[in-house]
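Residues per chain, in single letters:
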Amino acid sequence: MDIKRDAAIPGLDRAGFLERRFRLAEHGTTVRTELLAGLTTFLTMAYIVFINPSILADAGMPKGAVFVATCLVAALGSLVMALYANYPIALAPGMGLNAYFAYVVVLGMGFTWQAALGAVFISGLCFLVVTLTGLRAIIVEGIPRSMRIALTVGIGLFLAVIALKNAGIIAASPATFVTLGDLHKPGTVLAVIGFLMVAALSARKVKAALLSSILTVTVLSFFWAGNAFQGVVSLPPAITPTLFALDLSGALSGGLLHVVLVLFLVELFDATGTLMGVASRAGLLTDGRMQRLDRALMADSAAIFVGSLLGTSSTTAYLESASGVAEGGRTGLTAATVAVLFLACLFFAPLAGAVPPYATAPALFYVACLMLRELVDLAWDDPTEVIPACVTALLMPFTYSIATGVAFGFITYAALKLLTGRAREVKPVVWVIAALFLFKFVETGSGH
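Residues numbered from 1 in each chain as written. Predicted model: local features only at pLDDT ≥ 70, side-chain atom pairs only at ≥ 80, totals over all residues. Heavy atoms only, no water.

## What to know about the environment of Ser308
Moving on, step 1. Structurally, Ser308 can be placed in helix H14 (residues 293-310).
Moving on, step 2. In this structure Ser308 comes out as buried when scored by relative accessible area, which is 0%.
Moving on, step 3. Remark: the alpha-carbon pair of Ser308 and Ala119, spanning 189 residues in sequence, is separated by 8.6 Å.
Moving on, step 4. Not counting residues within four places of it along the chain, the set of residues in contact with Ser308 comprises Leu117, Val120, Phe121 and Leu246.
Moving on, step 5. Of note is the side chain of Ser308, whose polar atom sits 2.7 Å from the backbone oxygen of Phe305. (Helix = DSSP H or I, 4+ residues; strand = E, 2+ residues; numbered from the N terminus. Buried < 20%, exposed > 50% of the residue type's maximum accessible area, 1.4 Å probe, protein only. Contact = heavy atoms within 4.5 Å. Polar contact = N/O pair within 3.5 Å; in protein donor to acceptor, adjacent residues only side chain to side chain.)

Set out below in structure tokens:
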């Protein structure tokens with residue numbers, strides 16, 4: 001075989017480049033599998049390009065500019081994760097974080113959205129500093145194994161709540177907080193069909209089970225759920241109204257310094273929990289640790305920093321990456337695929353919006369079910385390890401906040417070890433984290 005001649009063949013050259021860049025064979029995957037996984041992840045998180053602008057618009061931000069900023073920071077963050085950390089984890093503006101930004105900081109506390117962006121900028125800058133110095137990795141390494149398991153399980157439960165809500169299977173209730181939704185709605189019926197489809201196909205070892213379910217439900221939605229096809233291509237709006245619009249002087253005021261602390265804590269544990277949970281689901285942990293954690297944290301930190309400059313709330317690693325992992329994604333090529341698709345969203349917004357939330361809900365719920373298997377690894381004969389883990393996992397979905405679940409979990413862990421005379425087992429970083437969260441709750445009086 002003529003090696004030089006073969007190297008000139010475009011297909012072989014591209015395949016060789018991707019192999020060298022992402023080490024596909026080493027991770028037991030292929031280009032096709034990674035691209036399919038990336039498409040699956042994108043479809044399960046594409047809703048953010050529509051929901052994030054709507055939420056931040058409530059805070060007075062220009063909706064069109066936020067749409068562009070959301071697509072750009074999701075693409076940039078995912079690409080950095082792909083090329084620098086080589087993990088199949090996508091990034092985008094966080095759902096809980098954008099709600100905190102709009103409804104608590106701006107509408108509740110009365111700050112301008114420009115000042116709130118300044119607070120996001122400062123928290124991102126803090127992340128860059130602690131990541132570069134290695135402090136953030138040290139914090140994560142100090143997390144007990146039981147709490148790492150709790151992060152995975154809690155994220156699974158949180159994902160389940162999101163999926164059931166998007167499917168319309170659960171709904172709000174003034175009497176019981178949550179209740180059964182209207183099962184007669186076409187979207188809910190299609191979501192149930194989609195879940196049975198993805199579960200059956202997965203049991204039969206069909207590779208594209210999740211993607212097949214999403215696409216099937218989307219097609220059916222045009223016939224039975226009133227889904228409207230609104231075109232294919234549209235020019236992106238201007239980003240200038242939010243580009244570099246942050247107000248740093250306003251962010252440095254007394255009230256927003258407290259907001260920076262809250263953002264820092266929430267971003268830290270939302271991102272860390274998601275990174276470790278998705279990596280665990282992908283089998284990418286070695287002795288319970290991520291080998292390239294510092295690089296993954298750097299990608300997350302840089303995305304927060306850049307997002308504030310473009311004009312959006314804090315960016316974080318996405319739970320929905322677990323759907324791509326379940327489809328076989330194991331390397332950064334999955335995240336790179338997501339990045340390209342988010343860029344395409346700038347010009348194909350009507351087409352991307354054709355996938356309704358109830359079409360992606362079945363895939364998310366199926367992944368959530370699989371993530372619960374981590375519970376078997378808990379040391380069930382040690383209440384000082386099990387109880388904090390259960391508190392963490394249960395409060396994540398019930399408070400609709402990963403960070404709140406982690407906060408109560410750490411406080412409970414430190415308290416139980418202290419009260420049972422086993423304080424020496426607690427690493428210093430756990431005491432610091434528990435104290436910070438306790439101070440936050442004392443000061444704010446709530447999980448916000």
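## Some words on the packing of aromatic side chains
Aromatic ring pairs: the centre-centre distance and the angle between the two ring planes describe each pair.
Moving on, step 1. On inspection of all chains with the given rule, the structure shows 5 aromatic pairs.
Moving on, step 2. For the ring pair Phe42 and Phe342, a centre distance of 5.2 Å and an interplane angle of 80° mean the geometry is edge-to-face. One end of the pair, Phe42, is in helix H3 (residues 31-45); the other, Phe342, is in helix H16 (residues 332-345), with 300 residues separating them in the sequence. With respect to class, Phe42 is no different from Phe342; both count as buried.
Moving on, step 3. Between Phe223 and Trp224, the ring centres sit 6.0 Å apart and the planes meet at 55°, which makes this aromatic pair tilted. Take Phe223 and Trp224: they sit in the same class, and that class is exposed.
Moving on, step 4. Here Arg292 stacks its cationic end above the ring of Tyr87, 4.3 Å away from the centre of that ring. (Phe/Tyr/Trp six-rings, centres within 6.5 Å; stacked < 30°, edge-to-face > 60°. Lys NZ or Arg CZ within 6 Å of the ring centre and 35° of its normal.)

## Observations regarding H16
Moving on, step 1. Compared with an ideal rise of 1.5 Å per residue, which puts 14 residues at 20 Å, H16 spans 20 Å between its outermost C-alpha atoms and is within 8% of the ideal.
Moving on, step 2. Here H16 lies mainly inside the structure; 10 of its 14 residues are buried.
Moving on, step 3. All of the buried residues along H16 are Gly332, Leu333, Thr334, Ala335, Ala336, Thr337, Val338, Ala339, Phe342 and Cys345. (Expected span 1.5 Å × (residues − 1).)

## Some words on the nonpolar core
Soluble globular proteins tend to bury their nonpolar side chains together.
Moving on, step 1. Among the nonpolar cores identified, the biggest contains 125 residues, and Met81, Tyr87, Phe101, Leu275, Met290, Phe342 and Phe410 are the most heavily contacted of them.
Moving on, step 2. Per-element tally for this core: the top contributor is helix H13 (residues 254-281), with 14 residues.
Moving on, step 3. Aside from chain neighbours lying at most four places away, what touches Phe410 is Ile143, Pro144, Met147, Phe269, Val430, Ile433 and Ala434. (Core = buried A, V, L, I, M, F, W, Y, C linked by side-chain atoms within 4.5 Å.)

## Notes on the side chain of Thr392
Moving on, step 1. Structurally, the position occupied by Thr392 is in helix H19 (residues 383-398).
Moving on, step 2. Judged by relative accessible area, Thr392 falls into the buried class, the value being 0%.
Moving on, step 3. Those residues in contact with Thr392 that sit more than four places away from it in its chain are Met147, Ala150, Gly405, Val406 and Gly409.

## As for the environment of Tyr400
Moving on, step 1. Assignment of secondary structure puts Tyr400 in the loop between H19 and helix H20 (402-419).
Moving on, step 2. Overall, the relative accessible area of 39% leaves Tyr400 in the partly exposed class.
Moving on, step 3. Along the sequence, Tyr400 and Leu159 sit 241 residues apart, while their C-alpha atoms lie 9.8 Å from each other.
Moving on, step 4. Discounting chain neighbours no more than four positions away, the residues touching Tyr400 are Phe158, Val161, Ile162, Lys165 and Leu395.

## Some thoughts on the packing of helix H9 (residues 145-167) against helix H18 (residues 357-371)
Moving on, step 1. Running from amino to carboxyl end, H9 crosses H18 at an angle of 155°, the nearest separation of the two axes being 8 Å. Compared by their axis directions, H9 and H18 come out roughly antiparallel. The handedness of the crossing between H9 and H18 is left-handed. Mapping the contact onto sequence places Thr152, Val153, Ile155, Gly156, Leu159, Ala160, Ala163, Leu164, Asn166 and Ala167 in H9 and Pro357, Tyr358, Ala361, Leu364, Phe365, Val367, Ala368 and Met371 in H18.
Moving on, step 2. Classifying every residue of the contact of H9 with H18 gives 15 nonpolar, 3 polar and no charged. (Axes fitted to C-alpha atoms, helices over the stretch in contact; angles between N-to-C directions. Parallel < 35°, antiparallel > 145°, perpendicular 65-115°, else oblique. Left-handed = near helix turned anticlockwise from the far one by under 90°. Nonpolar A, V, L, I, M, F, W, Y, C, P; charged D, E, K, R; others polar.)

## Looking at the environment of Ser313
Moving on, step 1. If you trace the backbone, Ser313 turns up in the loop between H14 and strand S6 (315-317).
Moving on, step 2. The spatial distance from the C-alpha of Ser313 to the C-alpha of Ala116 is 8.3 Å, given a sequence separation of 197 residues.
Moving on, step 3. Residues contacting Ser313, with those up to four places away along its chain left out, are Asn52, Leu56, Pro93, Leu97, Asn98, Phe101 and Val120.

## Observations concerning the pattern of salt bridges
Side-chain pairing between opposite charges can occur once the charged atoms of the two side chains come close.
Moving on, step 1. Per the counting criterion, the structure on display carries 5 salt bridges.
Moving on, step 2. A salt bridge links Glu385 to Lys417, with the shortest nitrogen-to-oxygen separation between them at 2.9 Å. In this pair, Glu385 sits in helix H19 while Lys417 sits in helix H20, placing the two residues 32 residues apart along the sequence.
Moving on, step 3. With a shortest N-O distance of 2.7 Å, Lys417 and Glu425 are connected by a salt bridge. (Salt bridge = Lys/Arg side-chain N within 4 Å of Asp/Glu carboxyl O.)

## Here we look at H9
Moving on, step 1. Relative to the 33 Å expected for 23 residues at 1.5 Å per residue, H9 spans 33 Å between its end C-alpha atoms, a close match to the ideal helical length.
Moving on, step 2. For H9, the tally of buried residues reaches 18 of 23 residues, placing the bulk of the element in the interior.

## Structural notes on the packing of H9 against H19
Moving on, step 1. Where H9 contacts H19, the axes come no closer than 7 Å and their chain directions differ by 25°. In terms of their interaxial angle, H9 and H19 are classed as roughly parallel. The way H9 lies across H19 gives a crossing that is right-handed. Across the interface between the two elements, Ser146, Met147, Ala150, Leu151, Val153, Gly154, Ile155, Leu157, Phe158 and Val161 from H9 touch Glu385, Pro388, Ala389, Thr392, Ala393, Leu394, Met396 and Pro397 from H19.
Moving on, step 2. Its residues placed into classes, the contact of H9 with H19 shows 14 nonpolar, 3 polar and 1 charged.

## As for a nonpolar patch on the surface
Moving on, step 1. Together, Phe229, Val232, Val233, Leu235, Phe347 and Phe348 make up a nonpolar patch on the protein surface, roughly 610 Å² of accessible area in all.
Moving on, step 2. Within the secondary structure, Val232 is located in the loop between helix H11 (209-224) and helix H12 (248-251).
Moving on, step 3. Val232 sits in the partly exposed class, given a relative accessible area of 36%. (Patch = residues over 30% accessible without salt bridge, like charges linked within 9 Å, V, L, I, M, F, W, Y side chains within 5 Å. Areas by Shrake-Rupley, 256 points an atom, 1.4 Å probe, with all protein chains shown as cover.)

## Structural notes on the confidence of the model for the protein
Caution applies to low-pLDDT parts of the model: their predicted coordinates are not meant to be read in detail.
Moving on, step 1. The share of residues in the protein with pLDDT of 70 or more is 93%, and the mean pLDDT across the chain is 86.
Moving on, step 2. Predicted confidence is poor over residues 1-9, with pLDDT under 50, and the contacts of this stretch with residues over four places away or in other chains come to 3 contacts. (pLDDT = per-residue confidence, 0-100.)

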